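Secondary and tertiary structure notes
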Amino acid sequence: MKIIKSYIFIQGLRFYAFHGIGVLEKLVGQNFIVDIKIEANIVQSCISDNVNDTVNYASVYDIIKEEMEKPSHLLEHISKRIAEHLFNSFSIIDTIQLKITKQTPPMGADSKGAGVEIIYER
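Below is a summary of the structure that appears in this document. (Residues numbered from 1 in each chain as written. Predicted model: local features only at pLDDT ≥ 70, side-chain atom pairs only at ≥ 80, totals over all residues. Heavy atoms only, no water.)

Packed helix pairs are specified by the crossing angle of their axes together with the interaxial distance, meaning the distance between the axes. At a closest axis distance of 9 Å, the pairing of helix 3 (residues 57-68) and helix 4 (residues 75-89) adopts a crossing angle of 145°. The interaxial crossing formed by helix 3 with helix 4 has right-handed handedness. Where helix 3 abuts helix 4, its residues V60, I63, I64, E66, E67 and M68 lie against I78, R81, I82, H85, L86 and S89. Class assignment of the residues belonging to the contact of helix 3 with helix 4 gives a composition of seven nonpolar, two polar and three charged. (Axes fitted to C-alpha atoms, helices over the stretch in contact; angles between N-to-C directions. Helix = DSSP H or I, 4+ residues; strand = E, 2+ residues; numbered from the N terminus. Left-handed = near helix turned anticlockwise from the far one by under 90°. Contact = heavy atoms within 4.5 Å. Nonpolar A, V, L, I, M, F, W, Y, C, P; charged D, E, K, R; others polar.)

Rendered as structure tokens:
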């Protein structure tokens, strides 16, 4: 048996944060949802059963939380910081697919949110 591709993912992480270009966004804050899918070679962890041989999703959460707590104007900027932090923390990561959704974007429309979805490659 051979593993062709392997992923670690976390869906629907919720954060209350202060990102945006509007004064109220920075002052009042709002809800954000983060989804992440990480392509990594986890073959060794399949054999070893050792968390040190994989991308620990608890550590991934801690990194995302840390970056989401730093106010930024643009979701693109936050996304880049998260990806860089993850690549620097886990050498086995090949690609990161990251989606950040602002649940109540200030655009005068009735929507489920707006945001960015970016795929990064090492």
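From this point, things continue past the structure.
Moving on, we get to the sheet that holds strand 3 (residues 93-102). In spatial order, the strands read 1-2-3-4; together these four strands make up an open sheet with antiparallel pairing. For this open sheet the edge positions go to strand 1 (7-17) and strand 4 (114-121), each flanked by a neighbour on one side alone. On average, each strand axis in the sheet is tilted by 15° relative to the strand beside it, whichever way the strands run. Pairing between strand 2 (residues 30-40) and strand 3: nine bridges, direction antiparallel. What sits directly across from I38, in strand 3, is I96. In this fold helix 3 packs onto strand 1 and strand 2, with an angle of close to 30° to the strand it touches most, strand 1. The strands touched by helix 4 within the sheet are strand 2, strand 3 and strand 4, with strand 3 carrying the most contacts at an inclination of about 150°. (Pairing = 2+ DSSP bridges.)

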